[in-house]
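# Structural description and commentary
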Amino acid sequence: MSIENNKASVKKVVLAYSGGLDTSAIIPWLKETYDNCEIVAFCADVGQGEAELEGLHEKAIASGASECYIVDLKEELVADYIYPTIATGAIYEGTYLLGTSMARPIIAKAQVEVARKVGADAVCHGCTGKGNDQVRFEGCFAALAPDLKVIAPWREWSMVSREDLLDYLAERNIKTTASATKIYSRDANAWHISHEGGELEDPWNEPSKEVWTMTVAPEDAPDEPEYVSVEMQAGRITKVNGEQLTPYGALMALNEIAGAHGVGRIDITENRLVGMKSRGCYETPGGTVMFAALRAIEELVLDKSSREWREQVGAKMAQLVYDGRWFTPLCESLLGASQPLANLLNGEVVLKLYKGQAQAVKKRSPNSLYSEEFATFGEDEVYNQKDAEGFIRLYSLASRIRALNVK
């Protein structure tokens, strides 16, 4: 089928729509490029904030969409994607808590569900040809709806800059709140917010105060620490300061508490899936506290071999989530491998928040393997130190035999 016939065959498209500059331009571009096809806008509410959603339906219709679906995914995102991922210990390249990556599978799944509901024959996203998100979205589409055509305007149209998009909208009298002076590219959800572009494109530049939006600067945080109690069952946060909360509610509470102390800022240069390095500043206040709490309980309940295995699973899971391979047998396998260990993560942790740091200072668990009676430096009646001699002799037997052979 020729490109023109392929375009003519697209009758209805579901667009992942944010109301930002890119997707505002995509709606008229789709109608002009794909023979006046019908555009259904879809927005996933993943906790990016009410300000981002305000007036979104009206804006989509004014831009040329026939419908606009705004789907609330906040609780599902935290319960079914974030919690299972952090239970594995997944951290990309030792620092990044995967805020953008974890949200992509649920957004793509919901977009496919809307496409099925309205009888669309295509889905569309606004990801650039340089980034990771195009792979994440299209990998999910391939797994969930391989029959749907995928349209990626940034790989098709001739526009190459923010200014081009602004001019395109102005020519068509389509209003936008974007401007050439809004220099940062941001992505927000309940878990985090990312910042790229502007002065951050030069790694020699320290991020200015204008970059950060979710946390106070650690140097401006309160001079007195704050203590927060976190309780968990099977690796899932159930209470914050004694209050029973939903997964999303717990995250929101911790975002507010930790953000006020400058907790959760990172500035990294990461390896993108497409091969280039990119610099990003990420704010994950509540998530940083959750990770610290989980690791604290792990220290109590996981034996040495289990801890080593969890770290292997976490490293593999981080790469998988970052690379957009959620809907795969490997993901199911990794989640399944981590769950028996996560089931042991019951307990309470008290964390000290101070000037950008979240430190676990108290921890307890009914599954704890720590025994003061065994570990004490004082006198005890449970451990015979003479037993260590035979253990060491057997533990070092291979080294002893090797040395004897050399002689």
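Residues numbered from 1 in each chain as written. Predicted model: local features only at pLDDT ≥ 70, side-chain atom pairs only at ≥ 80, totals over all residues. Heavy atoms only, no water.

### Points about the overall build of the protein
To keep it simple, the criterion reads: Note on conventions: DSSP H or I runs of at least 4 residues are helices, E runs of at least 2 residues are strands, and numbering of each starts at the N terminus. When checking whether two residues touch, look at their non-hydrogen atoms; a contact exists if any pair is within 4.5 Å. The protein chains shown are the only cover counted for residues, whose accessible areas, like all others here, come from Shrake-Rupley with a 1.4 Å probe. Charge assignment in this entry is limited to Lys and Arg as positive and Asp and Glu as negative, and neither His nor the chain termini are counted. For the purpose of locating charges, the reference atoms are NZ of Lys, CZ of Arg, CG of Asp and CD of Glu.
On a plain count of helices and strands, the protein comes out with 15 helices and 14 strands. Its C-alpha atoms give the protein principal-axis dimensions of roughly 85 × 55 × 45 Å. Sequence separation of 24 or more characterises 73% of the internal contacts of the protein that already satisfy a separation of 6 or more. Of the roughly 20,400 Å² that the protein leaves accessible, carbon and sulfur atoms contribute 51%. Of the charged side chains in the protein, 42 are positive and 59 negative; the average position of the first set lies 5 Å away from that of the second.

### A short note on helix α8 (residues 162–171)
Selection criterion: We call a residue buried when its accessible area falls under 20% of the maximum for its residue type, exposed when it is over 50%, and partly exposed in between, using a 1.4 Å probe and counting protein chains only. This arc is built from the directions going out from the helix axis to the C-beta atoms.
Of the residues making up α8, those classed as buried are Leu165, Leu166, Tyr168 and Leu169. Across the axial projection of α8, the buried residues extend over an arc of 160°, all falling on one side. Facing away from the buried surface of α8 by more than 90 degrees, the exposed residues are Ala170 and Glu171. Here the buried face of α8 lies against α2 (21–33).

### Focus: the layout of surface pockets
Using the following cut-off: A pocket here means an open set of points on a 1 Å grid, computed over the protein atoms alone, that has protein on both sides within 12 Å along at least five of seven lines. A cavity is instead a set of points where a 1.4 Å probe fits but cannot get out; residues with an atom within 4 Å of a point line either one. Grid points are joined across faces, edges and corners, and a volume is the space filled by probe spheres set on the points.
By volume, the second largest pocket is sized at about 310 Å³. In this structure, the second largest pocket is lined by 16 residues; those nearest its centre are Thr95, Leu97, Gly264, Ile266 and Thr288. For the lining of the second largest pocket, the elements supplying multiple residues, two or more each, are β11 (265–271), α10 (285–301) and β14 (357–364). It is α10 that provides the largest number of residues to the lining of the second largest pocket, a total of 4 residues.

### Description of the environment of Glu348
Filter applied, for reference: Any pair of N or O atoms that falls within 3.5 Å is considered a polar contact. Within protein, one atom must be able to donate a hydrogen and the other to accept it, and sequence-neighbouring residues count only if both atoms are side-chain atoms.
Looking at where Glu348 falls in the secondary structure, it is placed in strand β13 (residues 347–354). Glu348 sits in the buried class, given a relative accessible area of 18%. Sequence separation between Glu348 and Lys239 is 109 residues; the distance between their C-alpha atoms is 9.1 Å. Only 2.7 Å separates the side chain of Glu348 from the side chain of Ser229, close enough to count as a polar contact. Side-chain polar atoms of Glu348 contact the side chain of Arg364, separated by 2.7 Å.

### What to know about the pairing of strand β2 (residues 38–45)
Filter applied, for reference: Place the viewer so that the strands point away; then a crossover is right-handed whenever the path from the first strand over the helix to the second strand goes clockwise. DSSP-based pairing: two strands are paired if at least 2 bridges between them are found.
Of all 8 residues in β2, 7 are buried, a share of seventy percent or more. In this fold, the crossover linking strand β1 (residues 12–16) to β2 by way of α2 has right-handed handedness. For β2 and strand β3 (residues 67–72), the ladder comprises 6 bridges, and the chain directions are parallel. By the bridge assignment, Val40 is partnered in β3 with Glu67.

### Things to note about the nonpolar core
As a reminder of what qualifies: Side-chain atoms within 4.5 Å are what join buried Ala, Val, Leu, Ile, Met, Phe, Trp, Tyr and Cys residues into a set we call a nonpolar core.
Of all hydrophobic cores here, the largest spans 78 residues; its most connected members are Val14, Ile82, Leu98, Trp191, Met290 and Leu351. Leu98 has contacts with Thr85, Ala90, Tyr92, Ala318, Val321 and Tyr322, leaving out every residue within four places of it along the chain. Among the nonpolar cores identified, the runner-up in size contains 31 residues, and Val13, Tyr17, Ala41 and Ala65 belong to it.

### Focus: the packing of aromatic side chains
Where we set the bar: Only centres within 6.5 Å qualify two rings of Phe, Tyr or Trp (six-membered ring in Trp) as a pair; their planes then separate them into stacked at under 30 degrees, edge-to-face at over 60, and tilted for everything else.
Using the criterion set out here, one finds 9 aromatic pairs in the structure. Where Tyr96 meets Tyr322, the ring centres are 6.2 Å apart and the plane angle is 90°; that geometry is what we call edge-to-face. Pair noted here: Tyr96 is in the loop between α5 (74–87) and α6 (99–118) and Tyr322 is in helix α11 (residues 304–322), with a separation of 226 residues, a long-range link. With relative accessibility at 2%, the residue Tyr96 sits in the buried group. Classification of Tyr322 as buried rests on a relative accessible area of 0%. Both rings, one in Trp154 and one in Trp157, keep their centres 5.2 Å apart while their planes meet at 75°; by these two values the pair is edge-to-face. A connected cluster of aromatic rings, assembled from ring pairs, spans Trp29, Tyr34, Trp154 and Trp157.

### Here's the deal with the side chain of Glu270
Operational definition: The salt bridge criterion pairs a side-chain nitrogen of Lys or Arg with a carboxyl oxygen of Asp or Glu, the two atoms within 4 Å.
Tracing the chain through its elements places Glu270 in strand β11. Here Glu270 is buried and forms no salt bridge, its nearest opposite-charge partner Arg136 lying at an N-O distance of 5.5 Å. Within the structure, Glu270 has its side chain in polar contact with the side chain of Tyr322 (distance 2.6 Å). Excluding anything up to four places from it in sequence, Glu270 contacts Tyr92, Glu93, Asn132, Met276, Lys277, Ser278, Tyr282 and Tyr322.

### What to know about the sheet that holds strand β7 (residues 193–197)
Formally: Inter-axis angles, ranging from 0 to 180 degrees, are taken between N-to-C directions of lines fitted to C-alpha atoms, where helices are fitted over the stretch in contact.
One open sheet accounts for 4 strands, arranged β6-β7-β12-β11; its pairing is antiparallel. Two strands close off the open sheet at either side, each with one partner strand: β6 (184–188) and β11. Within the sheet, the average angular offset between the axes of one strand and its neighbour, ignoring direction, is 25°. The pairing of β6 with β7 spans 5 bridges and is antiparallel. For Ser185, the partnering residue across the bridge sits in β7 and is Glu196.

On their own, these measurements won't tell you what the molecule is for.
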